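Chain by chain, the residues run as shown.
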Amino acid sequence: IPDGAIEKIIDSWRSPREGQIEQKILDTFLDFQKGKNLVQFFDKLRIFIDKIDQSLAMRIINAIYRNADKFSTEGTEDFENSERDQALHFLLRLMNDRIDRKKIQGLLEQIIESATSIPFLVRVIQLCKKESGGTYYNIYETINLDKLLDLASRRLKKYFVDEKRDIFLELPDEKDWAYVLYQWASRWGTFRGRNKNFVSNYIILL
């Protein structure tokens, strides 16, 4: 993907009317997905992140988490090189580098409440922990992690327990359901609270 093409695409995302920007961004993602080079596109976008201002960064972030279920997981086992992995990492890089620090917590709360993929939102929370070994320092230094963990735990309980959904049917890929159950039960490795009890009882009653 030539550098000039990436710059033109970023410029084109600024041109639609206000209510159409996120759809334009999503259409671009889907076009690259059809060409089987969406992973490379996300990788290339990172090189031009300085050309993305906060307003556009917010639109891109919205387009990603509101359509997270549309990204393929093929390649996750290859050093997290799937469409979903790359979309997630690009979202966090945008948030870390291009979003005002005061807005990061609220934006993450929106993602937890509205992301269209459960494994996606669970992974977002995991990567917001400094212990995960990433370089999202603006995120690490500004978030209230406990609040995010509580919010994510409540969404998972509501989605699977209260609304009586079968996680094995909702997430047929073993990598997804095993990952979600572990992170949820362990409260993302903190082992605090009652998540383990909720998850154990939920599985028994399935």
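Structure shown above.
Note that this is a predicted model, so its numbers are computed, not measured.

1. A word on the packing of aromatic side chains
In total, this model carries 15 aromatic pairs according to the counting rule given. A ring pair is formed by Phe-29 and Phe-41, whose centres lie 6.3 Å apart and whose planes are at 65 degrees; its orientation type is edge-to-face. With Phe-29 in helix H2 (residues 21–34) and Phe-41 in helix H3 (residues 38–47), this residue pair connects regions lying 12 residues apart in the sequence. Of the residues examined, Phe-29 reaches a relative accessible area of 0% and is grouped as buried. Measuring from ring centre to ring centre gives 6.1 Å for Phe-160 and Tyr-202, while their planes differ by 50 degrees; the resulting arrangement is tilted.

2. Points about the packing of helix H1 (residues 3–12) against H3
Contact pair H1 / H3: the axes reach a minimum separation of 10 Å and the direction vectors enclose 80 degrees. Taken together, H1 and H3 sit at an angle that is classed as roughly perpendicular. For the pair formed by H1 and H3, the contact residues are Asp-3, Ile-6, Ile-9 and Ile-10 on the first element and Phe-41, Lys-44 and Leu-45 on the second. When its residues are assigned to classes, the contact of H1 with H3 shows five nonpolar, no polar and two charged.

3. Brief notes about the side chain of Gln-183
By the element assignment, Gln-183 lies in helix H11 (residues 174–185). Setting aside anything within four residues of it in sequence, one finds Gln-183 in contact with Val-122, Gln-126, Trp-188 and Gly-189.

4. Re H11
Across its 12 residues, H11 extends 16 Å between first and last C-alpha, which sits within 8% of the 16 Å expected from 1.5 Å per residue. Taken together, the buried positions of H11 are occupied by Asp-176, Val-180, Leu-181, Gln-183 and Trp-184. Buried residues belonging to H11 abut helix H5 (83–98), helix H7 (118–127), helix H9 (145–162), helix H10 (167–170) and helix H12 (195–205). Where H11 begins, the side chain of Asp-173 points an oxygen toward the backbone nitrogen of Lys-175, at a separation of 2.9 Å. Arg-187 lies just past H11 and shows a positive phi near 50 degrees.

5. Points about the pattern of salt bridges
Following the criterion strictly, the structure yields 19 salt bridges and no others. Of the charged contacts, one joins Arg-98 and Asp-50 as a salt bridge, the two residues approaching to 3.9 Å between their closest N and O atoms. Highlighted residues: Arg-98 in helix H5 and Asp-50 in the loop between H3 and helix H4 (54–65), separated in sequence by 48 residues. When its relative accessible area of 62% is taken as the criterion, Asp-50 is described as exposed. We note a salt bridge from Arg-93 to Asp-97, for which the minimum N-O separation is 3.2 Å. Within this pair, Arg-93 and its partner Asp-97 are both found in helix H5, separated by four residues, close to a single helical turn.

Reading the values: rules and limits
Residues numbered from 1 in each chain as written. Predicted model: local features only at pLDDT ≥ 70, side-chain atom pairs only at ≥ 80, totals over all residues. Heavy atoms only, no water. Phe/Tyr/Trp six-rings, centres within 6.5 Å; stacked < 30°, edge-to-face > 60°. Helix = DSSP H or I, 4+ residues; strand = E, 2+ residues; numbered from the N terminus. Buried < 20%, exposed > 50% of the residue type's maximum accessible area, 1.4 Å probe, protein only. Axes fitted to C-alpha atoms, helices over the stretch in contact; angles between N-to-C directions. Parallel < 35°, antiparallel > 145°, perpendicular 65-115°, else oblique. Contact = heavy atoms within 4.5 Å. Nonpolar A, V, L, I, M, F, W, Y, C, P; charged D, E, K, R; others polar. Expected span 1.5 Å × (residues − 1). Polar contact = N/O pair within 3.5 Å; in protein donor to acceptor, adjacent residues only side chain to side chain. Salt bridge = Lys/Arg side-chain N within 4 Å of Asp/Glu carboxyl O.

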